[in-house]
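Each chain, written out:
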Amino acid sequence: MSEKHLIVLDLDGTLLKDDKTISPRTKSVLQNLKKNGHEVMIATGRPFRSSEPYYHEIGMTTPIVNFNGAFVHHPLSVSWGMHHSPLDIKVARDIVEALDQYRYFNIIAEVKDDVYVHYHDDKLINVFKMGNPNVTTGDLRRFLQDSPTSMLIHTDEDDVRQIRKHLSDVHAEVIDHRRWADPWHVIEIVKNGLSKAVGIDKVAKDLGIPKQRIIAFGDEDNDLEMIDYAGTGVAMGNGIEQLKSVANHITLSNEEDGIAIFLEEKFNIKSA
């Protein structure tokens, strides 16, 4: 085989098609590469509970990066350790307090697998119920007692910039924030200095794989650091323009087997 590579996959808009499934062609290519000694891992903004089914579907045996680097662990090895870097609880409450000055639909805080929702919203709660977390509804200033792994602000597209400006002006030294696009306009907040790249670096060092043999695939704002970090950063055809501008390569979209096609060519794999 060629030298061992680490293949890193974002989930939504990247590994997953729009219907949240993995295409048979992509699954086959990834399993082929695993069989040939390469490592395949997930790096996602999702919590572990909603990425675990895809981890097992591919048959991964690596650590996983969740919450954009705020939670890194090995699902198959307790001894590997757990890296959990939550926001300070006081900062989280200050953010909720300040949001009273802005227009927004809801705020969600997650403490690993516990979900706290500021305003009751059945549709939103349903989105976060994958993996059967504990869900608490009510004013986060009262009900959130532990430092959250991440926070999400669901707002209108027109209000995203104003809220992000406030977060940068007031909390730049203690938080990082990123944006999700369609179909939800969401600002995601994690502790300052965290990113998918930080988590991937821990895993790559443990596996003994240098940066030049890391191939990372992504499509969104929260993939920028890992695409820049990887020896080969690949933006999906459906990705944002900012990501495409820093990527080494652009492949086809998540609906067109972009990951499979890139890896087939890279590793000279014949399509089934």
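Our subject is the structure listed above.
This write-up is about the structure you can find in this document. (Residues numbered from 1 in each chain as written. Predicted model: local features only at pLDDT ≥ 70, side-chain atom pairs only at ≥ 80, totals over all residues. Heavy atoms only, no water.)

**Re helix 3 (residues 89–98)**
Under the convention used in this document: Partly exposed residues are those whose accessible area sits between 20% and 50% of the maximum for their type, while under 20% is buried and over 50% is exposed, using a 1.4 Å probe and protein chains only. Numbered from the N terminus, helices here are DSSP runs of H or I no shorter than four residues, and strands are runs of E no shorter than two. Should any heavy atoms of two residues lie within 4.5 Å, those residues are considered in contact. Within 3.5 Å is the distance limit for a polar contact, defined as a pair of N or O atoms, with the added protein rule that one can donate a hydrogen and the other accept it, and that residues adjacent in sequence qualify only through two side-chain atoms.
The complete set of buried residues in helix 3 reads Ile89, Val91, Ala92, Ile95, Val96 and Ala98. Close packing links the buried residues of helix 3 with strand 6 (106–111), helix 5 (140–143), strand 9 (150–154), helix 6 (157–171), strand 10 (175–180) and strand 11 (186–191). The residue sitting at the N-terminus of helix 3 and contributing the capping side-chain oxygen is Asp88; that oxygen lies 2.8 Å from the backbone nitrogen of Lys90.

**Remarks on the sheet that holds strand 10**
Going by this rule: Note on pairing: DSSP must find at least two bridges between two strands before they are called paired. Note on definitions: angles span 0 to 180 degrees between N-to-C directions of axes, and those axes are lines fitted to C-alpha atoms, for helices only across the stretch in contact.
Spatial strand order, 8-7-6-9-11-10: six strands in an open sheet with mixed pairing. The sheet is open, and its two borders are formed by strand 8 (134–137) and strand 10, each paired with just one other strand. Ignoring strand direction, the axes of neighbouring strands in this sheet form an average angle of 20°. Here strand 9 runs beside strand 11; their pairing, made up of four bridges, is antiparallel. Residue pairing in the sheet places His154 in a bridge with Val186 of strand 11. Packed onto the sheet, helix 3 meets strand 6, strand 9, strand 10 and strand 11 and runs at close to 5° relative to strand 9. In the packing of helix 6 onto the sheet, contacts are made with strand 9, strand 10 and strand 11, and the angle to strand 10 comes to roughly 170°.

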